[in-house]
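Chain by chain, the residues:
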Amino acid sequence: MIQLTMTILYTVLSSALLTAVSVKMFQMYQLGGYKVKGVVNWFRITRGDYLIRYFGAGFFSLIGMLVFYMCFKSYSYWYYIGYIFFLGFSILFIALNRREVNKTPVKYTPRMVRFVTVAAVLYAAETFFLIWLGGIIGVSYTLIALLLMLVPFSVTLAHWLVKPFETLNNYGYKVRATKYLKEMPELIRVGITGSFGKTTEKAILKCMLETKYTVCASKASYNTPLGLARTVNNDLTDDTQVLIAEMGARNVGDIAELAKIVVPNYGLITGIGNQHLETFGSRENIKRTKYELIENLAVSGLAVFNADSTDNIEMFTKTREPRMLTGAADTDAEITYDHVRVSSEGTEFDITVNGETTHFTTKLLGKHIAGLTTMALAVAFSLGVTPQEAAEAVKTLQPVPHRLELIEENGMIIIDDAYNSNPEGAANALGVLKEIDRYKVIVTPGMVELGQEEAACNRALGEKIGAVCDTAILVGARGAQIKEGAIAAGMHENAVILVDTLQEAVACLRTLPADLAVLFENDLPDNY
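Residues numbered from 1 in each chain as written. Predicted model: local features only at pLDDT ≥ 70, side-chain atom pairs only at ≥ 80, totals over all residues. Heavy atoms only, no water.

Caption draft 1: Seen up close, the pairing of strand β6 (residues 323–328). Within β6, 5 of the 6 residues are buried, which leaves the element mostly enclosed by the surrounding structure. Where strand β5 (residues 302–306) and β6 come together, 4 bridges link them in parallel fashion. From the neighbouring strand, N306 faces β6, where its bridge partner is T326. At this point the chain moves from β5, through helix α14 (residues 310–317), to the parallel β6, and the crossover so formed is right-handed. (Buried < 20%, exposed > 50% of the residue type's maximum accessible area, 1.4 Å probe, protein only. Helix = DSSP H or I, 4+ residues; strand = E, 2+ residues; numbered from the N terminus. Pairing = 2+ DSSP bridges. Right-handed = clockwise from strand over helix to strand, strands pointing away.)

Caption draft 2: Inspection of the nonpolar core at higher detail. With 46 residues, the main nonpolar core has M25, F86, F115, Y141, V151 and V155 as its most contacted residues. Elements that contribute at least two residues to this core include exactly α1 (2–21), α2 (23–31), α3 (36–45), α4 (49–72), α5 (83–99), α6 (110–137), α7 (146–149) and α8 (151–182). Looking at which element gives the most residues to this core, the answer is α6, with 8 residues. Listed in part, the 41 residues of the second largest apolar core include I244, L268, L364 and A380. (Core = buried A, V, L, I, M, F, W, Y, C linked by side-chain atoms within 4.5 Å.)

Caption draft 3: Main features of the environment of T240. Along the chain, the position of T240 falls in the loop between α10 (225–235) and β3 (242–246). Since its relative accessible area comes to 8%, T240 is described here as buried. In the structure, T240 is positioned 24 residues away from C216 in sequence and 6.5 Å away in space, judged by C-alpha atoms. If near-sequence neighbours (up to four positions away) are discounted, T240 is found in contact with M184, L187, T214, V215 and C216. (Contact = heavy atoms within 4.5 Å.)

Caption draft 4: α5, seen in detail. For α5, with 17 residues, the first-to-last C-alpha span of 25 Å sits near the 24 Å given by 1.5 Å per residue. Where α5 is concerned, the buried positions are Y83, F86, S90, F93, I94 and N97. Viewed end-on, α5 has its buried residues packed into an arc of 100 degrees, placing them on one side of the element. Opposite the buried face of α5, at more than 90 degrees from it, the exposed residues are I84 and R99. (Expected span 1.5 Å × (residues − 1). Arc of directions from axis to C-beta.)

Caption draft 5: Region of the structure containing the pairing of strand β13 (residues 471–475). The buried count for β13 comes to 5 of 5 residues, which makes it a mostly enclosed element. Taking every second residue as pointing to the same face, both faces of β13 are buried, with T471, I473 and V475 on one and A472 and L474 on the other. Read from strand β12 (residues 439–444) through helix α18 (residues 454–468) to β13, the crossover connection turns out right-handed. The handedness of the β13 to strand β14 (residues 496–499) crossover, carried by helix α19 (residues 479–488), is right-handed.

Caption draft 6: Spotlight on a nonpolar patch on the surface. A grouping of F55, F59, F60, I63 and V67 is seen on the molecular surface, where their side chains present a nonpolar patch of about 470 Å² in accessible area. Looking at the element boundaries, F60 is found in helix α4. (Patch = residues over 30% accessible without salt bridge, like charges linked within 9 Å, V, L, I, M, F, W, Y side chains within 5 Å. Areas by Shrake-Rupley, 256 points an atom, 1.4 Å probe, with all protein chains shown as cover. Salt bridge = Lys/Arg side-chain N within 4 Å of Asp/Glu carboxyl O.)

Caption draft 7: Molecular detail of the pattern of salt bridges. Per the counting criterion, the structure on display carries 17 salt bridges. Residues E166 and R114 are paired through a salt bridge, measuring 2.7 Å at the closest nitrogen-oxygen approach. In this pair, E166 sits in helix α8 while R114 sits in helix α6, placing the two residues 52 residues apart along the sequence. The buried category is assigned to E166, whose relative accessible area is 2%. The partner of D235 in a salt bridge is K219, and the shortest N-O contact between them spans 3.8 Å. One end of the pair, D235, is in helix α10; the other, K219, is in the loop between β2 (215–217) and α10, and 16 residues separate them in sequence. Judged by its relative accessible area of 46%, K219 is partly exposed. It is possible to trace a salt-bridge network through shared partners that takes in R283, E284, K287, D311 and E314.

Caption draft 8: Up close: α19. Here α19 has its buried residues at G479, I482, K483, G485 and A486. Taken down its axis, α19 places every buried residue within 165 degrees of arc, on the same side. Against β12, α18, β13 and β14 lie the buried residues of α19. Looking one or two residues beyond α19, the residue adopting positive phi is G490, at roughly 105 degrees.

So, in structure tokens, the structure goes:
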């Protein structure tokens, strides 16, 4: 009876401890889009740091419990006290993990709760089995220490166990959204994709169309099939007249899946870059994937291309009518912009439609804003919004958080472009910083997911930094690549500071002159 009681106690307690020890693994699965590949990539980037930690905790627990058990197995049930080694090393692991600063901690969404629950049940089953096996071979409960070593594999097994349900659940969301949209034939649908500028483009277009329509736009960066389905299912109402869907992709076929749900009347491609080149495999695959939006437009749907991207011009030429090219005045675009001026107050430019020029002023920062606004105006104008109405609307538009958002704090000017980074976006951000007459500093970890071009792109970023900044504070493993480019561009070696964490970078800012303009370019999540 005592043995059974202790087995049940250890099973429950071990399940709870192992689940807590697994929090980092849960976090990595969530950040990696619940894909094993994302977790494997994290292990590669961190050189298996957590694998070593799990093995170390399990190994020392196993040795401690085995020695204790062998020494005290003749003393009735005293040998059960050896469990304290497993308990102690588990609690130590949890405590050390909690001391680490997580920029993106686990979000306990319904999916994550299901994931954690399955893992906890699996740990209980594994614990019970190992205690039973240990009894057969004469080592009692001590084998449960092996579960600390096997945490990555157990969590991965839990992921595969819960995946069929999640797949069916997500499919149900998408089916419901598709059906709802089919029941709204009068709804105007706009799809926006591109390697950069999607969220900003969505915000600009939404504010223009709201002058005449009831508009529903996908929230934040909800640009996956599940995110889009949630927008449709939760936010779309019978009174909605326009749906604006941001469409993101990491693999060939992703945009087609989204477009088949929405069936857009308008398709906007902001531009083509090397964003997510690592998962796409080639720039041609990126172009092919973005073009899936155009291939899946509704009958007579209008395709709109931003001529600021040379790849867009190429795609425009192969697209059937109706199509439209928008861009700078020196291009063959139908709707053009000119006289762009960027300052810390925002961006000004002129847009010409049908020979009539309208002056635009916006709080949004960067030369690229002119091109994005011109694209948005092309759609808004075709839906009855005048250029003058559009210009008034964008005057009050606030910057999208963490996308070239200007903040004044403690005498510093902060340009927050931390959401993500790509070569085109970083160049735009540095262009904004260049226009501010202050001591210029950049804080950046560089760019990721660029495949074989990642090192070269980070060196090129360094060259651009060297031409603009007085000081560069480079965070993490890619700092050396960026530093190489900055020094090649003439930046003094003492002006380039390498640090391991964002917290160290912020501390460095306090040592610099007070009159700062600081660009935070990218802020990588914990899986990088």
